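# Examination of the molecular architecture
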Amino acid sequence: MAPTSATDSTDPTDSTDLTDSIDLFGPTGLPDLTGLDATPRPVTGPRVARLARQLQSARDAAARDALTEAFWAEAARSGTPLVEELDDAPGHRAVTFLWRGHRATRRVLLLARGVTDRDRLADSLLHHLPGTDIWYLGHRLRADHRGSYRMVADISAGAVPVDPALLQRRLLALRAHAGADPLNRDRVPARWRDAEDSVFALPAAPPQPWTGSPHADGPGSGAPSAGVLSAEGPSPDGPGSGAPSLDVPPSGSPPSGGRRSGVPLDVIPRGTVERHTLAAGVLGAERDVWVYLPPDAVPYRPTRGPGERDGHRLPLLVLCDGDMWFGRLGLRDTVDALIADGVLPPLAVLAPDAVGTATRRLELGGRESYVSFLADEVVPWASARWPLTGRPERTVVAGQGLGGMTALYAGLTRPERFGAVVAQSPSLWWRPGLEPGTVAPDAVGTPWLATLAAGLRDGLPSGRDGVRGAVVHFDVGLHEGALAEHTEALRAVLRARGHRVTRTVHNGGHDYACWRGLLVDALVKLVGTGAGASSRPGAGAGIGTGTALDVAAAGSQGGSGPARGSAG
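Residues numbered from 1 in each chain as written. Predicted model: local features only at pLDDT ≥ 70, side-chain atom pairs only at ≥ 80, totals over all residues. Heavy atoms only, no water.

## Here's the deal with the sheet that holds strand 4 (residues 107-112)
How we decide: DSSP-based pairing: two strands are paired if at least 2 bridges between them are found. Numbering of helices and strands starts at the N terminus; helices are DSSP runs of H or I of at least 4 residues and strands are runs of E of at least 2. Each axis is a line fitted through C-alpha atoms, taken for helices only over the stretch in contact, and angles between the N-to-C directions span 0 to 180 degrees. Contacts are residue-level and defined by heavy atoms, with any inter-residue pair within 4.5 Å sufficient.
Strand order in the open sheet formed by four strands is 4-7-9-8, and the pairing between neighbours is antiparallel. Looking along the sheet, the strands with just one partner apiece sit at the ends: strand 4 and strand 8 (187-189). Going across the sheet, the axis of each strand differs from the next one's by a mean of 40 degrees, ignoring polarity. With six bridges connecting them, strand 4 and strand 7 (residues 146-154) associate as antiparallel partners. Looking at strand 7, one finds that Leu 111 is bridged to Arg 150. Strands strand 4 and strand 7 of the sheet are contacted by helix 3 (residues 164-174), whose axis makes an angle of about 70 degrees with strand 4.

Here it is in C-alpha cells:
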C-alpha cells in the first residue's frame, strides 16, 4: 500500500480536503515520492554491470585480478551498499549489497528489513560474479527508503539443497550467524543479541538530525557509511551525498549522526539515567525501570506548593522496552540534544525493561495487568520522587510492535493517565486468547483493538469525569504486511469516537533504524516547544494545538507487499 500524501482534518465531521493548502514538500524541500512504486525489485546496478563487461574483455587473469582489487578499493572508500542512479527511474536507486568471499564461500544471504521476504529467503541470496571473490545482490528501491540489514556467508560442507523447502530450512538456520556489513560503519544495535545491524538511508529518506549510530566509530569499524556512486565511479561529493536528479535542496539538517545545532554532545548539559528495581505487584515479579531526568532536574520537591502550577512540572514519556532504548540505543543522548536545542522542553522518561523475549510476549499487548503496572505502580512511584506532570495531555505512552499495542491499550483504557499515544508498528494482530509466543502478523479482518475501541464508553472528548480521549499517533512502514490496513481500520474507529489521530507512513519496515527518528518526530509534535519542530505539515507545540494530519514521511525524522520483518 502506497502512503497517501493527502491530509485530513481530525474533526470526524469535517470532510474538507486540505491537500491544496499544504506544501507537501515541506520546509526541508524533500521531494514527494509517494506516487512512485515502493516495492523492492531486482536490478543489476550500473557499477556491477560495468565491472562484468570489463572482466569479460580482460586479456588475462592478472588483468581480472586488478579490476577486482580496484572495485573493492572503491567500495571500501565509498562504503556499502552501493547506491546508484538509474537513468530510467530518477525517483529510485539501484542499491547493491556486496560481500567479499573466499574459496569456501558457497552462498551469501542478505537479511534486510523491508526488503527480504522471510518466507522466500532464497530470493535474497547474493549472486557470485564469476572469476572473482565478489558476491552481490541489487534491488531497485524508492529513493526515500531507510532500513537495517545483516549478512551471512555459508561455508558449510555438503551438497546445496535442491528442494526449495530444504533450502529454506537451511537458510533459516543460517540467520543466527548473520552480522553487520564490514564495509558499512552506520550501525544500530540488534534486539536480543550482542550484535549490530548495518543501516542505510537513500538520498530522499527523511533526515534524523538528533540521532546517530552510537557505535559507528567503535573499534573495528574503520569503514565509511553507505556510498552513493554514479555509473562511472564514486560521487565527487563523497559517501552519502544526495543524487542531483532528485533535486533535493539543502534542508538545514545534517545527516544521521549529528545534532541540528552542530554542537558536540560532550559540551551540552547532560541529563541523568538511573535504573531502579520496582516490586511490580500486579505482575508478580520485580521489574527494572530506566529513569531519564533532564539536566538540573534533581533534587526536586515532589509535592506541589500552594498556588504552584503544573507547568513547573516535567512532561512525561512512558516508553516500553527501556533495556533497548537506554541500554543499547543511547536515547539519553538524543533527548539531551533535543532539550539543548530547545526543540523539546525538559521532560522525564520512564522505561521499564522488557526482560526477555518470552516475558515480553507474555506481558505486552492489550493486557490490563501491564497497563495497571504502568499507570498504577510505575507513574505513582516516580511522581512521589520527582516533579512529574499530573496532566494526561502532557503524558505520552509509547512503544513499538507489542509495545505499540500496549501503548494503544493504555491510552484507550486509561485516558485519565495517558493523554497521548505513540504506537510505532503496533502488533494489531494481537488478541486475547493467543497462545504465548504465537504471532499472526498477516491476520486479516478488523483488529481486536478496533472492536474494543468501538465499544468503549470513555473514548469521546467529553468522556468520564471530563477526561479527554487520548491523542493517537501511528508510525507505519510500507513493508509491514497487513499493518497499514489494520491501522486504517483502527484509525477510522478512533476518529468516529472523537479521538484526534495522526499517522506517518514511511518507506521502511519493522525497524529501530526507522523508529528512532520517528519517535522523536512524534514527541516534537505532541509535547514540543514549537522551536525548530518537525518540518512536517501540522507539527506544532503541545498536544491540542494545530491540526493533526495524515502525512507521508517526507520531512525530518528527528531521531532515526508481503511482510518483510519481525512481527513483534
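## Digging into the environment of Arg 500
Condition: The classification of residues rests on relative accessible area computed with a 1.4 Å probe and restricted to protein chains. Under 20% of the type maximum is buried, over 50% is exposed, and intermediate values are partly exposed.
Here Arg 500 is to be found in the loop between helix 10 (483-496) and strand 19 (501-506). Look at Arg 500 and you get buried, because its relative accessible area is 13%. Arg 500 sits 29 residues away from Val 471 along the chain, and the two C-alpha atoms are 5.1 Å apart.

## Concerning the nonpolar core
The cut-off we apply is this: Take the buried Ala, Val, Leu, Ile, Met, Phe, Trp, Tyr and Cys residues and link them wherever side-chain atoms come within 4.5 Å; each set so joined is a nonpolar core.
With 51 residues, the main nonpolar core has Leu 350, Leu 408, Phe 474 and Leu 490 as its most contacted residues. Top element by residues in this core is helix 7 (residues 368-383). It accounts for nine residues. Apart from the residues within four sequence positions on either side, Leu 350 is in contact with Val 289, Trp 290, Val 291, Leu 316, Leu 317, Val 318, Leu 319, Val 378, Val 379, Ala 382 and Leu 388. Membership of the second largest hydrophobic core comes to 36 residues, among which are Val 199, Trp 325, Leu 338 and Ala 351.

## Considering the pairing of strand 7
Most of strand 7 sits inside the fold, with eight of its nine residues counted as buried. Two elements, strand 7 and strand 9 (residues 196-201), share four bridges in a ladder whose sense is antiparallel. Bridged to Gly 147 within strand 9 is Phe 200.

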